[in-house]
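Listed here are the chains, written in short residue letters.
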Amino acid sequence: MSKQKQKVIFSGAQPTGSLTLGNYIGAIQSWKDLENEFECYYSIVDLHSLTIRHDPKKFRKACLSFLAQYLACGLDPEKNTLFYQSHVKQHTELNWILGCMTYMGELNRMTQFKEKAEKHKDNINAGLYTYPVLQVADILLYQADLVPVGEDQRQHIELTRDVAIRFNNTYGEVFTLPDIYVPKIGAKIMSLQDPESKMSKSDENVNGTIFLLDSDKDIVKKVKRSVTDSENRVAYRDEQPGVKNLLTIYSKLSDYSIEELVEKYASKGYGALKTDLAELLVETIRPIREKHNEYMDNLDYLASIYKKGAEKASIVAERTMTKVRESIGLV
Ligand code: AQP
């Protein structure tokens, strides 16, 4: 299929800890689906991670590990531009300019800020508050048409459109208005321990989250211990959020539809569902973990990918920034 060069995709993940099954199903599976048809920019948004206090050595390793995980998940560096946000200086320049176009009222409404502020009460910094503006800059810099993300990012993409419209109306047509792209199922994978909450990298209860670098043993343990309910009936319904989540994960990683899975396990119960899902997860994650480890043993190769990515991304970012600077009257 020929590349529709005109359509641009941007997305990213913040390198805190390691990627989760939620990140994989909600975002990375879509990234892979899009790589053959569109011009794709997938960033490791390292500056976003600074909103939480971190150990520099561990952080540096996590940043490299994230690139290794992107590659291990199957993102082709020949088809996609893979790069670190901090290597393309225009992100922070545009962040400032767009910060002057974003209202505090808008930022006050962001639910992710409220949730993260609640989680990190001792460090509610200005970066955590203005984080959505940097995300707006990330997307608009590449004139993205589509942003493949999980459901939790919908509000930020809506903000991106609002800020772009405001900028274009004030200073002239500079930015493309991006659309959100969320998978029909799996846009919000839930914690295995609390199926009413999103599966998250930074969840204090690690048993709720499956990481792409988890050992086989940990994966099996986490699935077996996952919270279900006392109905003992395999059904896909909101009243049974734990089972619904397991079926969603199963379907996203296999060729089975949800209906087929419900039929398959109707007479078998939760134990069989968990055993088979654990096996499927092990078979899906093991090759990712092994490839990741190989990439981590080849740091020169990783450096060649991220340098090439930054070069390519910088050209596109500078093209946008030239327009932005002219449009707002900077000398
Ligand atoms: N549970 C999820 N289900 C579906 N999609 C998800 N995403 C995150 N969690 C889920 C999507 O993954 C992409 C990258 O996410 P991110 O790195 O920007 O961080 P996040 O959204 O803040 O995810 P986490 O795991 O909850 O990180 P922490 O714990 O650090 O805050 C995004 O497209 C996101 O929608």
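Here the structure is a predicted model, which is why all the values come from computation and not from measurement. (Residues numbered from 1 in each chain as written. Predicted model: local features only at pLDDT ≥ 70, side-chain atom pairs only at ≥ 80, totals over all residues. Heavy atoms only, no water.)

Trainee: Looking at this model, I keep getting lost on the state of the cysteines. Mind explaining?
Mentor: According to the stated counting rule, one finds zero disulfides in the structure shown. Residue Cys73 stays outside any disulfide, its sulfur separated by 15 Å from that of Cys40, the closest cysteine. (Disulfide = S-S within 2.5 Å.)

Trainee: Looking at this structure, I do not really get empty space enclosed by the protein. What am I missing?
Mentor: Left-over empty space is what a probe sized like a water molecule reveals as it rolls over the atoms. Going through the model one piece at a time under the given rule, you end up with one cavity of 30 Å³ or more. In this structure, the largest cavity spans a volume of roughly 50 Å³. Put simply, the parts of the chain that give the lining of the largest cavity at least two residues each are α6 (111-119) and α7 (126-141). Grouping the constituent residues of the lining of the largest cavity by class yields four nonpolar, two polar and one charged. (1 Å grid on protein atoms, 1.4 Å probe; cavity = no way out; pocket = protein on both sides within 12 Å on 5 of 7 lines; lining within 4 Å. Points joined across faces, edges and corners; volume = space filled by probe spheres on them. Helix = DSSP H or I, 4+ residues; strand = E, 2+ residues; numbered from the N terminus. Nonpolar A, V, L, I, M, F, W, Y, C, P; charged D, E, K, R; others polar.)

Trainee: Hey, could you run me through the site of the ligand in this one?
Mentor: Close to the ligand lie 22 residues, the nearest being Lys116, Asp152, Ser200, Lys201 and Ser202. A distance of 2.8 Å separates an oxygen atom of the ligand from a polar backbone atom of Gln14. At 3.4 Å, a side-chain N or O of Gln153 approaches an oxygen atom of the ligand. Computed on the free molecule, the ligand has an accessible area of 650 Å², of which 97% lies beneath the protein chains in the complex. For the shell around the ligand, the leading source of residues is helix α1 (residues 21-34), giving four residues. Of the residues that constitute the shell around the ligand, the class distribution is six nonpolar, 11 polar and five charged. (Near = heavy atom within 4 Å. Polar contact = N/O pair within 3.5 Å; in protein donor to acceptor, adjacent residues only side chain to side chain. Areas by Shrake-Rupley, 256 points an atom, 1.4 Å probe, with all protein chains shown as cover.)

Trainee: How do you make sense of the domain arrangement of the chain when you look at a structure like this?
Mentor: Accessible area lost when the parts come together is the quantity often used to give the size of an interface. Each domain of the chain was delimited in the assignment, giving domain 1 (8-186 + 299-328) and domain 2 (206-293). Distance between the C-alpha centres of domain 1 and domain 2: 29 Å. Residue-level contacts link 15 residues of domain 1 with 17 residues of domain 2. Of the roughly 1,400 Å² buried where domain 1 meets domain 2, counting both sides, 74% is carbon and sulfur surface. (Domains from an automatic or database assignment. Contact = heavy atoms within 4.5 Å. Buried area = accessible area lost by both parts, 1.4 Å probe.)

Trainee: Sorry if this is basic, but what is going on with helix α13 (residues 299-328) here?
Mentor: The α-helix advances 3.6 residues per turn, and as a result positions three or four apart in sequence lie on the same side. The terminal C-alpha atoms of α13 lie 41 Å apart, and with 30 residues this matches the ideal 44 Å at 1.5 Å per residue to within 8%. Taken together, the buried positions of α13 are occupied by Leu302, Ala303, Ile305, Tyr306, Gly309, Ala310, Ala313, Val316, Ala317, Thr320, Met321 and Val324. Looking at the residues trailing α13, positive phi occurs at Gly329, about 90°. (Expected span 1.5 Å × (residues − 1). Buried < 20%, exposed > 50% of the residue type's maximum accessible area, 1.4 Å probe, protein only.)

Trainee: Looking at this model, I keep getting lost on the environment of Pro77. Mind explaining?
Mentor: In this structure, Pro77 sits in the loop between α3 (56-72) and β3 (80-84). Pro77 sits in the buried class, given a relative accessible area of 18%. Between the alpha carbons of Pro77 and Asn123 there is a distance of 36 Å; along the sequence they are 46 residues apart. Excluding its chain neighbours within four sequence positions, the residues that come into contact with Pro77 are Leu71, Leu82, Tyr301, Ile305 and Lys308.

Trainee: Just to check I follow, could you spell out the nonpolar core for this structure?
Mentor: One broad rule of soluble globular proteins: the nonpolar side chains tend to lie buried together. With 59 residues, the main nonpolar core has Tyr42, Leu67, Tyr70, Ile249 and Leu281 as its most contacted residues. Split by domain, the residues of this core number at least three in each of domain 1 (8-186 + 299-328) and domain 2 (206-293). Those residues in contact with Tyr42 that sit more than four places away from it in its chain are Ile9, Ser11, Trp31, Leu34, Tyr70, Leu75, Asn80, Thr81, Leu82, Phe83 and Pro148. In terms of nonpolar packing, the next biggest core, distinct from the first, is built from 37 residues, Leu107, Phe113, Ala117 and Phe167 among them. (Core = buried A, V, L, I, M, F, W, Y, C linked by side-chain atoms within 4.5 Å.)

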